[in-house]
Amino acid sequence: MFRTALRNVFAHKARLLMTVLAVLLGVAFVSGTLVFTNTISDAYQKSSAKGFGQVDVAIRPESAADTGDTLGRTHKLTPPLLDKAAGVPGTASAIGVVNGFTAIADKDGKLIGGGFQSQGGNYWSGKDGGKDPRYPLTTGHAPHGAGEVAIDAETAKRAGYQVGDTVRLSVDGPVLKPVVTGIFTTDDGNVAAGGSLALFDTATAQRLFHSVGSYDEIDVKAAPGTSQTALRDALDDVVPKDVASTTTGRQLADDQAEQISSAMSGMKTGLLVFAGIALFVGTFIIANTFTMLVAQRTKELALLRAVGASRRQVTRSVLIEAFVVGAVAAVGGLAAGIGIGAGMRSLMGTLGATVPDGPLVVSPGTIATALLVGVLITMLAAWLPGRRAAKIPPVAAMSSVHAKATTKSLVLRNTIGALFAAAGVAVVLYATTMDGSDGQAPMGLGAVLLIIGVFVLTPLLSRPLIAAAAPVLRVFGISGKLARQNSVRNPRRTAATASALMIGLTLITGMTVMAGSLQKSIDKMASSAIKADYVVSMANGNSLSPDVEKKLTAVDGVTDASSLRNAPSRIDRRTEFLTGVNGAAIGKLTDLAVTDGSFEVGGARVVVDADTAESHGWKAGSDFRASYEDGKKGSLTVAGVYEGNEMIQGIILDNATLAPHQSEASDMQVMVKTAGGASAAAKDKLEKALGDNPAIKVQDKQDLSDSIAQMFTLMLNMLYGLLAMAVIVAVLGVINTLAMSVFERSQEIGMLRAIGLDRKGIKRMVRLESLVISLFGGVLGIGLGVFFGWAAGELLGSRMSTYELVLPWGRMAVFLLLAAAVGVLAALWPARRAARLNMLTAIKSE
């Protein structure tokens, strides 16, 4: 039986080609994802480990919450503690570290490093004015005073800066223009990943990063002969446990590696989900291929049964064929996946994302996963056709080439499909009545049940839906009529072929509906809740300096401005965040619906969103006590209750009331209203007032809308790209089904040619058949996608008052055209092959 199975593989290698390609693509996606994420993770881990080369033990501040403070504050690391650490036996040196965000602009005024990896720190000269071992200077000297800065060599190279140049920087507000006094090299992982690093002297860094008189970390270097563990134990004796904790450099590197691995796991999981979708679609092709192969070899299998082969041996022979196909596809997929992984890494560099240098990582786990996935998927998909073949009695098989499904099996299939579909719809509808995250799991379960149910019911659905296309097909005469009849001749085969395309289009349509609806809802929320002409914020989401509001208020033409700042507090034994605003201006800058009282902010009078008010049992006129972050308490009165949203919510009070309780005030954003409304001239004035700072965004309502649209467009394009693999696999499925169907109907096609149907008619028949099957899958996919998009929107709508369903009719039309294009393209080779069949040879074939 083993030799028989191998002979069948070689005998039908052309027919198995599409199956090999389908599995190969799925395996390539899986192995490419693993190679890419492992390579990037390894490069970042090695790069970050180098950054801890000068750290044997790090002293870091403890959260004050551990000592009873419930507001999330941290203790300070002071110079006396630094001196204590430096005096511990076994210490070679101790460095006080100060760091924070620092954006560097290039000579064209554009942000270097995208902002998120733009860091600033202090150059530690020590008390004797020595060199900082962390940052060896290649040219120039260390920075001294507020007007000097040192930058890393990679940033200097990219931007073309040299010692003596004036560079434009931003920490949290208006532009700074220090002179570059030094250029240094560093093993900092952020710089290796394309970020930038600017160094100031310690006093300047402490002032800029709001750490005057303290450090963010103390790095201790061990003397020769002292281990990291021994130094840590010695430092534990002098470091107050309620103020700071000690960690070895080795542990820091391990923790960093774990964080990198955790960060990459999200990307890896996302990519593997799409790879799984492609493989799932591939299972339809595999099952269809082996079903057709078994049907075409029914007499051969019956003969084997007649000469003594058992059912188990017949099934095993089919599984051996599947194993060989899967193994070939897995090896090819692994090789292609390694190429994909290398290509994705190169692509990141092309797109401007810098990745630390490192080798391509092909782990044993990646190899094993690729081989197992390829072989197991193929064998599992081929098991049912093999089992079905073994159950056909030899006599029945010898008398009929194509054994038809019994009425009992069709009734059973349709009953099971109807039950699954009904259960899926019921669970999805139930999930839409739930609140937010509580409904996610039921929604996912219902979606899976419904897709399974529709797949099982697809043979039943194919007849009425394809029959609906009959009037159009009549236009094409006898070719159209034959195409319709061929499409419903074997409903199971048609169903399996269409289902592969259906799954891809279901996901694409569902995500498009959700993205379009969310975009519209957020856009509506921004335009309805804000009356301000401009919103000013940091490009990377960091906080702004209070100086920004002052500078904007002083701009000619600005009528109202208000910063929004967050501060923790304790109210009724709960931590609540207060939002500080300019009480006199906030009512003119926002348009929030008030449900109780009035929107009056000033002194002790505050406004509260409806959810917070309900949770505390407040209403207009209610008084409550709040504990501020400095530990002092104050009485506040609810002046009004408003309907909050994702942009503005919580307890809003006047900055004049909040500021005295804050040691370091910082704003999330500043809202600005101008006399003449939004205009290019007004925006230009605001940007110039901030020194044309590249790290600060000045956005009007249209800019906010465009940024939201850009975000969703980018997300959708990425999803379309990832789902394209599933669509490609579906195309292979249509090609495979048509090619094998042409082979199976060779005698019939020969007879059609003999009675007068020309080659063009044969081609048209095959193309129309392919078009009908593809459009059938497209209609089902788009219909399911709209349903899932609506259901997911209902779930989101429970938390987003402005949510409304938006059906992207234009894109859905494009998806339907895409399905039609798939059908036309997939039919090119099978149609050409059918038309070129020799008439007499085809008639004589069995």
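Now for a description of the structure that goes with this document. (Residues numbered from 1 in each chain as written. Predicted model: local features only at pLDDT ≥ 70, side-chain atom pairs only at ≥ 80, totals over all residues. Heavy atoms only, no water.)

## A short note on the nonpolar core
Going by this rule: Among buried residues, the Ala, Val, Leu, Ile, Met, Phe, Trp, Tyr and Cys ones that are joined through side-chain atoms within 4.5 Å form a nonpolar core. Here the term buried applies to any residue with accessible area under 20% of the maximum for its type, exposed to any over 50%, and partly exposed to those in between, with areas from a 1.4 Å probe on protein chains only. Contacts between residues were defined by any pair of non-hydrogen atoms, one from each residue, lying within 4.5 Å.
One finds F274, V281, I762 and V766 to be the most contacted residues of the largest nonpolar core, which totals 92 residues. Excluding anything up to four places from it in sequence, V281 contacts A500, I503, A726, V729 and A730. Grouped together as the second largest cluster of nonpolar side chains are 37 residues, I151, V167, F200 and A244 included.

## Quick notes on unusual backbone geometry
Note the cut-off: Helix and strand assignments come from DSSP, with helices taken as H or I runs of at least 4 residues and strands as E runs of at least 2, each series counted from the N terminus.
Within the chain, R573 stands out as a residue other than glycine whose phi angle is a positive 65°. By the element assignment, R573 lies in the loop between β14 (558–571) and β15 (574–581). Residue D692 is not a glycine yet carries a positive backbone phi of 50°. Following the sequence through the fold, D692 ends up in the loop between α22 (680–689) and β22 (696–699). Using a relative accessible area of 37% as the deciding quantity, one classes D692 as partly exposed.

## A word on the sheet that holds strand β2 (residues 91–97)
Rules: At least two DSSP bridges between two strands are required for those strands to pair. To get an axis, a line is fitted to the C-alpha atoms, and for a helix only the part in contact is used. The angle between two axes follows their N-to-C directions and goes from 0 to 180 degrees.
Read across the open sheet, the 4 strands follow the order β2-β11-β1-β12; overall the sheet is antiparallel. Across the chains shown, the open sheet's two edge strands, defined by having one partner strand only, are β2 and β12 (244–248). Taken over all neighbouring pairs, the strand axes of this sheet differ in orientation by 20° on average, direction set aside. Pairing geometry for strand β1 (residues 57–61) and β12, over 5 bridges, is antiparallel. Within β12, the residue paired with R60 across the bridge is S245.

## Some points on helix α26 (residues 809–826)
Short version of the rule: Expected span of a helix, by definition, is 1.5 Å for each gap between consecutive residues, and there is one gap fewer than residues. Throughout, the arc means that of the directions going from the helix axis to the C-beta atoms.
Look at α26: 26 Å from first C-alpha to last across 18 residues, which is about the 26 Å you get at 1.5 Å a residue. Within the span of α26, buried status applies to M812, F815, A819, A820, V822, G823 and A826. Seen from one end, α26 has its buried residues packed into an arc of 150°, which puts them on one side. Across from the buried face of α26, at angles greater than 90 degrees, the exposed residues are G810, L817 and L825.

Keep in mind that these numbers describe shape and distance, not what the molecule does.
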